[in-house]
Amino acid sequence: MGTVRIGSTVIGGGTFAIIAGPCAVESQQQFLKVSMFLKELGVQILRGGIYKLRTDPNSFQGLREEAIAWLPEIKQHIGLPLVSEITDPRQVEKLDPVVDCYQVGTRNMYNYELLKELGKTRKPVILKRGFSALIKEWLLATEYLLAGGNDQIILCERGIRTFETFTRNTLDLAAVAYIKSKTQFPVIVDPSHAAGSSDLVLPLAKAAKAVGADGVLIEVHAEPSQALSDADQALNFMGMQALFKELS
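It should be emphasised that the depicted structure is a prediction, and the values quoted were computed from it without experimental measurement. (Residues numbered from 1 in each chain as written. Predicted model: local features only at pLDDT ≥ 70, side-chain atom pairs only at ≥ 80, totals over all residues. Heavy atoms only, no water.)

With respect to the pattern of salt bridges
- Counted under the stated rule, the structure contains 14 salt bridges.
- Note that Lys 94 and Glu 65 form a salt bridge whose closest N and O atoms lie 2.8 Å from each other. Of this pair, Lys 94 sits in helix α3 (residues 92-95) while Glu 65 sits in helix α2 (residues 65-78), and the two are 29 residues apart along the sequence.
- One salt bridge connects Asp 214 with Lys 180, and the closest N-O pair in it is separated by 2.9 Å. Note that Asp 214 is positioned in the loop between α8 (201-210) and β10 (215-219) and Lys 180 in helix α6 (residues 173-182), a separation of 34 residues in sequence.
- The partly exposed category is assigned to Lys 180, whose relative accessible area is 34%.
- Within this structure, Arg 129, Glu 157 and Asp 172 form a network of salt bridges that share partners. (Salt bridge = Lys/Arg side-chain N within 4 Å of Asp/Glu carboxyl O. Helix = DSSP H or I, 4+ residues; strand = E, 2+ residues; numbered from the N terminus. Buried < 20%, exposed > 50% of the residue type's maximum accessible area, 1.4 Å probe, protein only.)

Structural notes on unusual backbone geometry
- The residue Arg 64 is not glycine, and still its phi comes out positive at about 60 degrees.
- For Arg 64, the location among the structural elements is in the loop between β4 (45-47) and α2.
- Of the residues examined, Arg 64 reaches a relative accessible area of 34% and is grouped as partly exposed.
- Its identity as a non-glycine residue notwithstanding, Asp 230 has a phi of 50 degrees, on the positive side.
- Judged by its relative accessible area of 18%, Asp 230 falls in the buried class.

Right under this line is the structure:
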């Protein structure tokens, strides 16, 4: 442990990675437009939700199998690795040909059957902290992956639920510093979900780098106001350019 490789990019070991892309893959045109912009900018790892686990059952749940059918061709054209969320153990077989790194979302940190299944794989796993999880519980969740033989684990602090309502969550940067000092796991930060507001993403990302995080996970959309998922926190192309310039 200590470093984890996603494609040709190393997470940890003194480097700072920027993983970026839309919260959800909405269409071929949308994903291709955002991905090509990010590649030209210099981003080396893409993110994009194929399956979306949402609190509201009536909200957009992702393109699911429809996206899986055409994503391999677009990925080959772009030439960058893809991080995507997995929400059910039965999705491993479907996502395996498409995804280079699995993301376990905040609600699924406690989904131990999913973690057991991902422990059997040898692909990297980004394990997000549950929004009400203690650091101890977060670290215990890694034990399920390790027990299956998968030590390619990246922890992701994405904010926790507190009494504060001004921001979507409260970003716990102390947790990042603690994990870095007490474990060998690379740690990244998701300022998009922590803030819930695009104008707070850059300062939180800069704070994450200052406290020693190994990278950030950023939501980007060509037209954030039209995004089908988490529109308020997505950066537009100009905002992403500014963030990349300041963090690179």
